[in-house]
There are 2 protein chains.
Amino acid sequence: MIARKMIKYVEGSSVIRAMFEEGKRLAAKYGDLNVYDFSLGNPSTPPPASVRQAMSDIINEVNPLKLHGYMNNSGHEDVRMAVAASLNKKFGTSFSYKNIIMTVGAAGGLNVVLKSIIDPGDEVIAFAPYFGEYNNYVANFDGSMVIVPPCIPSFQPDTRVFEEKITKLTKAVIINTPNNPTGVVYSEDTIKQIAQILNKKQEEYGTQIYLVSDEPYRELVYDGKEVPYITKYYKNTIVSYSYSKSLSLPGERIGYLVIPDEADDYESLTCAANVANRILGFVNAPSIMQLTVARCLEETTDITIYDTNRKLLYNKLKSLGFGCTEPEGAFYLWVKTPCENDMEFVNKAKEFHLLLVPGSSFMCNGYVRIAYCVDTDMIKRSFAAFEKLAAYYNL
Amino acid sequence: MIARKMIKYVEGSSVIRAMFEEGKRLAAKYGDLNVYDFSLGNPSTPPPASVRQAMSDIINEVNPLKLHGYMNNSGHEDVRMAVAASLNKKFGTSFSYKNIIMTVGAAGGLNVVLKSIIDPGDEVIAFAPYFGEYNNYVANFDGSMVIVPPCIPSFQPDTRVFEEKITKLTKAVIINTPNNPTGVVYSEDTIKQIAQILNKKQEEYGTQIYLVSDEPYRELVYDGKEVPYITKYYKNTIVSYSYSKSLSLPGERIGYLVIPDEADDYESLTCAANVANRILGFVNAPSIMQLTVARCLEETTDITIYDTNRKLLYNKLKSLGFGCTEPEGAFYLWVKTPCENDMEFVNKAKEFHLLLVPGSSFMCNGYVRIAYCVDTDMIKRSFAAFEKLAAYYNL
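Values in this document were obtained by computation on a predicted structure and should not be read as measured data.

Thresholds applied
- Residues numbered from 1 in each chain as written.
- Chains lettered and ligands numbered in written order.
- Predicted model: local features only at pLDDT ≥ 70, side-chain atom pairs only at ≥ 80, totals over all residues.
- Heavy atoms only, no water.
- Core = buried A, V, L, I, M, F, W, Y, C linked by side-chain atoms within 4.5 Å.
- Buried < 20%, exposed > 50% of the residue type's maximum accessible area, 1.4 Å probe, protein only.
- Contact = heavy atoms within 4.5 Å.
- Disulfide = S-S within 2.5 Å.
- Buried area = accessible area lost by both parts, 1.4 Å probe.
- Salt bridge = Lys/Arg side-chain N within 4 Å of Asp/Glu carboxyl O.
- Polar contact = N/O pair within 3.5 Å; in protein donor to acceptor, adjacent residues only side chain to side chain.
- Helix = DSSP H or I, 4+ residues; strand = E, 2+ residues; numbered from the N terminus.
- Pairing = 2+ DSSP bridges.
- Axes fitted to C-alpha atoms, helices over the stretch in contact; angles between N-to-C directions.
- Parallel < 35°, antiparallel > 145°, perpendicular 65-115°, else oblique.
- Nonpolar A, V, L, I, M, F, W, Y, C, P; charged D, E, K, R; others polar.
- Least-squares fit on C-alpha atoms with pLDDT ≥ 70 in both.

Once that is clear, we can look at the nonpolar core. One finds M6(A), I259(A), L269(A), M6(B), I259(B) and L269(B) to be the most contacted residues of the largest nonpolar core, which totals 82 residues. Not counting residues up to four positions away in its chain, the partners in contact with L269(B) are I2(A), I117(B), Y210(B), I238(B), I259(B), A263(B) and D264(B). By size, the runner-up hydrophobic cluster in this structure holds 62 residues, among which are L87(A), F95(A), V239(A) and M102(B).

In structure tokens:
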């Protein structure tokens, strides 16, 4: 017998597997080139050449006992120093290695943060639409998820509702900008409002509320868009970063946390995060990947490819009459479904061999997410299918 | 404010840090060569040359999008096939890739297993002395730890007490052979007795009790000692393996779980483990390390160095009159303290610049663990200090 908590996941898995199998069935029947899979957030551009070079150099240069051995659970000190210096240069912050904890990706980092701060029953606020895994991470520690709806059509958080939802039990707020699934970048004004509300509510309740900024898409922005660095706006900010998208390394599980000096209970918090990294079973972020990213801190994957895809898809779907949110970052297009039920739309799209993800997976029914981290050619090939879909809905 | 559960860890951390600082203080005062640190289980022999070669080949041969991309949460299918084939060849088992889940080391694997099966209040039995992290892993899922004492002086589990401690709430039993901290290999007779008792108790209570075999030291055995493969003795066995010691890759976090077809609820269990790997934040084992170990499955680090250290230290301490358990595997020597309180002995040893770990860290007071994964020269240099320690206790 598996754990009771896991039963719903196992049942849910079979649904996902069924969808995946359906995709494979379509591809087998109609050919790979005639099925348009926009469902996965898996980078389609390779890591920059510097990643391979760094790995090759490291293997040849670094003493294998140091390279592959245990280190502090928070990571190699020299790597943490390099990450801090790079952030300071980019954002004018003043972090030291003590503010940086290397993690097994942002998923690992978020679990480390939540383990460190959440008591059972504590509330964690997230702004819909959001990455559905947050629900699972918060449930890992028996926290309670509180959902704040978006302003429409901007898809900035609704700060008025946000303020109302904060209670004495609110322990953390998760933000994700550039956002999965909308592609929206939260404006500086939004960040300032969130910070102001949090400061006010902390004082009102005599509590500490940590603002957890999940930033795997920070580097993926277009048209020179600025993404405010959150620690500069609110002292109880914890940043969870990942190199999965910026360096196209999702399978290698490498990221970091930033816990600034000015965060309340900084000493206990960094110590708790160090312990949590260990006892959750991560122990430390993979050593060779720590050393690799430290040598590629100023690099990113070729973002112009995503930008090309973004423009192609956005312009086409807009011209077809779909209601699209213009993506400013990440690699997702967020589209209003012309029918009320997004699953109905997803199923209809599948008839035209278009694989999309329903907005309800992101706690926001009535929309779909189209991941454009795919071959540009596939996007072009998919246009006829989108045309048929638009025609079906009389757009 | 950090989570209430984390407070004791943060307090405990400061004790460990104080010990670590004390070691550094001693080294600074007396010189590195005059402080004998036997406290860490960090491999002192490098990975075999094949590891560097494999990594280098992989970086140059494998498409970087495949090499560094997401894959199934359970790992690359070809890697899992290779691991299964290697186990089948070594142990006459008949695993397929579906029985193998690649994990972020054995620490990750154990957390995945416990997340998959433990409901709050479920009991997990471990045989003292054992790796203290098991307590934390079980606490992660609100399980309750039940400790069975060893037979002395063999340090095989006391199967009579074991049988008494099994209740309706017993959900898992963790074994670790070759054992940290004793170096003992559980005999085939012990394994058979454990299996027989578990079968009987499962039937008596109508429950399922999983035997979780934590095997980071499987390859580290001496004098041709055989380590029985546990799945062959008890069908509800789950193996948690790590390459940390066998390939000296502890910082890279790579291992796997084996869940055999014949385990009860095999389908739900493997599905739950796959989901747990994802939602605990591991997502998957680091990709390049999966591919690397798949090319080094028949390799190990140079174990003769540990064997040399083992003999040197065991013979010396025995000749000095210390009560030593002869290590058959792993890289630890388990020594009875000549005074009742092991912390008193550890502190006295420190006066002679010997850094040891008290048995109470392994739920077994009255002993110390001496890790001999160190420079052979350091062992020789430490003999004078051990002589003084023996003289102090009039051995």
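Residue and element names in this part refer to chain B. Going through the model one piece at a time under the given rule, you end up with zero disulfides over all chains. Looking at C364, it has no disulfide partner, and the nearest cysteine sulfur is the one in C151, 12 Å off. Given the relative accessible area of 8%, C364 is considered buried.

Moving on, we get to the interface of chain A and chain B. On the chain B side, the residues contacting the 73 residues of chain A number 73 residues. A combined buried area of about 5800 Å² lies between chain A and chain B, and 57% of that area is made up of carbon and sulfur atoms. By the criterion of area lost to chain B, the three top residues of chain A are M1(A), H68(A) and Y70(A), representing 12% of everything that side buries. Across the contact surface, chain A and chain B share four salt bridges. Between R4(B) and D119(A) there is a salt bridge; the shortest N-O distance is 3.4 Å. Viewed at the interface, chain B and chain A are joined by 42 residue pairs in polar contact (both at pLDDT 80 or more). The set of elements that each furnish at least two residues to the side of chain A that touches chain B consists of α1 (4–30), α2 (49–61), α3 (64–68), α5 (105–117), α6 (133–140), α9 (266–279) and α10 (287–294) of chain A.

What follows covers the side chain of Q290(B). Residues and elements named next belong to chain B. With respect to the secondary-structure elements, Q290 resides in helix α10 (residues 287–294). Note on Q290: relative accessible area 0%, which makes it buried. A distance of 2.8 Å separates a polar side-chain atom of Q290 from the backbone oxygen of A285. Beyond its immediate sequence surroundings of up to four residues, Q290 is in contact with M71, G75, H76, V79, M102, I254, N284 and A285.

Hydrogen bonds along the backbone pair up the strands of a sheet, which may run parallel or antiparallel. Residues and elements named next belong to chain A. On the basis of which strands lie adjacent, the open sheet formed by four strands has the order β9-β10-β13-β12 and antiparallel pairing. Strands with a single pairing partner mark the edges of an open sheet, and in this sheet they are β9 (323–325) and β12 (357–358). Relative to strand β10 (residues 332–336), β9 runs antiparallel, the two being bridged by three bridges. Bridge assignment links T325 to a residue of β10, and that residue is W334.

All names here are of chain A. Interaxial distance between helix α11 (residues 303–319) and helix α13 (residues 376–392) falls to 10 Å at its minimum, and their mutual angle equals 10°. Relative to α13, α11 is oriented roughly parallel. Each of I305, T308, N309, L312, L313, K316 and L317 in α11 lies in contact with α13, whose residues at this interface are T376, I379, K380, F383, F386 and E387. Of the residues that constitute the contact of α11 with α13, the class distribution is seven nonpolar, three polar and three charged.

Moving on, we come to the relation of the copies chain A and chain B. Aligned on chain B, chain A shows an RMSD of 0.0 Å; the corresponding rotation is 180° and the shift along the axis is 0.0 Å. Expressed as an axis order, the relation between the two copies is that of a two-fold axis.

Residue and element names in this part refer to chain A. By the definition in use, this model includes 34 salt bridges over all chains. Among the ionic pairs, K5 bridges to D142, the shortest N-O distance being 2.9 Å. Taken as a pair, K5 in helix α1 and D142 in the loop between α6 and β4 (144–148) lie far apart in primary sequence, 137 residues in all. Judged by its relative accessible area of 29%, D142 is partly exposed. For K316, the salt bridge goes to E387, with nearest N and O atoms at 2.7 Å. Highlighted residues: K316 in helix α11 and E387 in helix α13, separated in sequence by 71 residues.

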